[in-house]
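Residue strings, one per chain:
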Amino acid sequence: MPVFKTPFNGYSVKFSPFHESRLAVATAQNFGILGNGRLHVLSLPPSPNLPLAELVSFDTADGIYDIAWSESHDSLLVAAIADGSVKLFDTALPPNQNPLRSFQEHTREVHSVDYNSTRRDSFITSSWDDTIKLWTLDRPASIRTFKEHAYCVYSAAWNPRHTDVFASASGDCTVRIWDVREPGSTMIIPAHEFEILSCDWNKYDDCCIATASVDKSVRVWDVRSYRAPIAVLNGHGYAVRKVKFSPHHRSLMVSCSYDMTVCTWDYMVEDALVGRYDHHTEFAVGVDLSVLVEGLMASTGWDELVYVWQHGTDPRAP
């Protein structure tokens, strides 16, 4: 399946919600510790034995940790930057006309960005400054800052059905559920005993959420009754960096880890681990599932490679 070599270390990969052959990759130089960043927009080839083609790329002075496609404009991308800024890119314009905008409010690295797929006019960012911020493209400043976490907020994700609800995952070992209409968080889930690096909502059950942690596990929770997880998924050998629910199957999810593997899971069956892919040779830190093409997966990692493959096939196969 198609592969792309990035000059910097891969951090995040996201399929376009508008074009089934398009994806974006966020990268950072020197493992994201110090140096530049580059945003790549790639196109899937007409034949799977051909490499991914680069449509355009944009350079930044600091590393890019995450990206999110706009849900309202097919050419717009929001990027989470290591210098604390949030930048808006228009992939239809040349690099010298980008970024369109730079929002500078976070005081530490911005680690995640998520676009609201139901309202389609707003996005949230989470940062190492312990906060989450709510933004819209038509305002020069954030609408609101959510500050309750006691440590870095590594991930924030909108609920796929409730327009105003999102979840955040933090190094303080909690996941918090928020409603933007409420003054504070509406729920605090002590989901792990170690840092939580990622969270995502089930696309078919708006009360179901998954968390991924430094404790090597993925856990699935029902927010209506969270004394104990619905499922605990063990199989990774090191910290689980990202977890993502399938947009096509209720109980299927994907995760990637510092153990260099990408795993697929069905949390509703006893043998939950249904696939393990060991194509990366360094930390696997970015993974995504296409909304438009069922079973199409992508991953990136610190080995400076981007892979795109069909679930159940070998990513390294020609």
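Visitor: Help me understand the overall build of the protein, please; the structure alone is not making it clear to me.
Guide: Of the regular secondary structure elements, the protein holds 0 helices and 28 strands. Whereas a compact globule of 318 residues would reach a radius of gyration of roughly 20 Å, the protein reaches 18 Å, a difference of no more than 12%. Pairs at least 24 residues apart make up 46% of the contacts formed inside the protein by residues separated by at least 6 positions. As presented, the protein carries roughly 12,600 Å² of accessible surface, and 51% of it is formed by carbon and sulfur atoms. Taking the average location of the 27 positive side-chain charges in the protein and that of its 39 negative ones, the two points are 3 Å from each other.

Visitor: Quick question: what am I supposed to make of the nonpolar core here?
Guide: A general feature of soluble globular proteins is that nonpolar side chains tend to end up buried together. Among the nonpolar cores identified, the biggest contains 16 residues, and Ala167, Val175, Ile177, Ile189, Trp201, Ile209 and Val223 are the most heavily contacted of them. The contacts of Ile209, once residues within four sequence positions are left out, are Ala167, Val175, Ile177, Cys199, Asp200, Trp201, Arg219, Val220, Trp221, Val223 and Phe245. Of all hydrophobic cores here, the second largest spans 15 residues; its members include Cys208, Ala212, Val218 and Val220.

Visitor: Is there a simple way to explain the sheet that holds strand β11 (residues 122-127) in this structure?
Guide: Note on sheets: strands pair through backbone hydrogen bonds, and any given pair is parallel or antiparallel. Spatially, β10-β11-β12-β13 is the arrangement adopted by the 4 strands of the open sheet, whose pairing is antiparallel. The sheet is open, and its two edges are formed by β10 (110-115) and β13 (144-146), each paired on a single side. On average, each strand axis in the sheet is tilted by 20 degrees relative to the strand beside it, whichever way the strands run. As judged from the 5 bridges shared by β11 and strand β12 (residues 132-136), these two strands associate in the antiparallel manner. Directly across from Ser122, in β12, lies its bridge partner Thr136.

Visitor: Sorry if this is basic, but what is going on with the side chain of Asp200 here?
Guide: Positionally, Asp200 belongs in strand β18 (residues 196-201). Beyond its immediate stretch of four places on either side in the chain, Asp200 contacts Ala157, Cys208, Ile209, Ala210, Val243, Lys244 and Phe245.

Visitor: How should the packing of aromatic side chains be read in this particular structure?
Guide: Any pair of aromatic rings gets described here by the distance separating the centres and the angle formed by the planes. Counted by the stated rule, this structure contains 17 aromatic pairs. Taking 5.2 Å as the distance between ring centres and 35 degrees as the angle between the ring planes, the aromatic pair formed by Phe58 and Phe89 counts as tilted. Taken together, the residues span a long stretch of sequence, with Phe58 in strand β5 (residues 53-60) and Phe89 in strand β8 (residues 85-90) at a distance of 31 residues. Accessibility expressed as a relative area gives 1% for Phe58, which makes it buried. For Phe89, a relative accessible area of 1% gives the class buried. Members of the aromatic cluster, joined through ring pairs, are Tyr11, Phe31, Tyr65, Trp128, Tyr258, Phe283 and Trp302. Against the face of Phe8 rests Arg38, its NZ or CZ located 5.4 Å from the ring centre.

Visitor: Please clarify how the state of the cysteines should be interpreted in this entry.
Guide: By definition, a disulfide is the covalent link that joins the sulfur atoms of two cysteine residues. Applying the stated criterion to the full structure yields 0 disulfides. Summary of cysteine pairing: Cys152 is not part of a disulfide, and the nearest cysteine sulfur, belonging to Cys173, is at 12 Å.

Visitor: Looking at this structure, how should I read the pairing of strand β15 (residues 165-170)?
Guide: Consecutive side chains along a regular strand alternate between the two faces of the sheet. With 6 of its 6 residues buried, β15 lies for the most part within the structure. The side-chain alternation of β15 yields two buried faces, one formed by Val165, Ala167 and Ala169 and the other by Phe166, Ser168 and Ser170. In this structure, strand β14 (residues 153-158) lies alongside β15, joined through 5 bridges in antiparallel fashion. For Ala157, the partnering residue across the bridge sits in β15 and is Ala167. Following β14, the chain reverses through 6 residues before pairing antiparallel with β15. In the sheet, β15 pairs with strand β16 (residues 175-179) via 5 bridges, with the strands oriented antiparallel. When the bridges of β16 are listed, Ala167 appears paired with Ile177. Taking the residues between adjacent antiparallel strands as the criterion, β15 and β16 are bridged by 4 residues, where Cys173 takes a positive phi near 75 degrees.

Visitor: Sorry if this is basic, but what is going on with unusual backbone geometry here?
Guide: Across the junction of Asn98 and Pro99, the peptide omega takes the value -5 degrees, indicating a cis bond. Its location among the elements puts Pro99 in the loop between β8 and β9 (101-104). Residue Asn30 is not a glycine yet carries a positive backbone phi of 55 degrees. Tracing the backbone shows Asn30 in the loop between β3 (22-28) and β4 (37-43). Relative accessible area serves as the criterion here: at 44%, Asn30 is assigned to the partly exposed category.

Visitor: So what exactly am I meant to see when it comes to the layout of surface pockets here?
Guide: To find the voids left in a structure, one rolls a probe of water-molecule size over its atoms. The calculated volume of the largest pocket comes to roughly 920 Å³. Taken together, 41 residues make up the lining of the largest pocket; nearest its centre are Glu71, Asp114, Lys203, Lys244 and Asp288. Contributions of two or more residues to the lining of the largest pocket are made by β2 (9-15), β6 (64-69), β10, β14, β18, β22 (240-245) and β26 (284-289). Residues belonging to the lining of the largest pocket are distributed by class as follows: 23 nonpolar, 7 polar and 11 charged.

Calculation criteria
Residues numbered from 1 in each chain as written. Predicted model: local features only at pLDDT ≥ 70, side-chain atom pairs only at ≥ 80, totals over all residues. Heavy atoms only, no water. Helix = DSSP H or I, 4+ residues; strand = E, 2+ residues; numbered from the N terminus. Rg over C-alpha atoms; globule rule 2.2 N^0.38 Å. Contact = heavy atoms within 4.5 Å. Areas by Shrake-Rupley, 256 points an atom, 1.4 Å probe, with all protein chains shown as cover. Lys, Arg positive; Asp, Glu negative; His and termini not counted. Charge placed at Lys NZ, Arg CZ, Asp CG, Glu CD. Core = buried A, V, L, I, M, F, W, Y, C linked by side-chain atoms within 4.5 Å. Buried < 20%, exposed > 50% of the residue type's maximum accessible area, 1.4 Å probe, protein only. Pairing = 2+ DSSP bridges. Axes fitted to C-alpha atoms, helices over the stretch in contact; angles between N-to-C directions. Phe/Tyr/Trp six-rings, centres within 6.5 Å; stacked < 30°, edge-to-face > 60°. Lys NZ or Arg CZ within 6 Å of the ring centre and 35° of its normal. Disulfide = S-S within 2.5 Å. 1 Å grid on protein atoms, 1.4 Å probe; cavity = no way out; pocket = protein on both sides within 12 Å on 5 of 7 lines; lining within 4 Å. Points joined across faces, edges and corners; volume = space filled by probe spheres on them. Nonpolar A, V, L, I, M, F, W, Y, C, P; charged D, E, K, R; others polar.

Nothing here speaks to function; it is all geometry.
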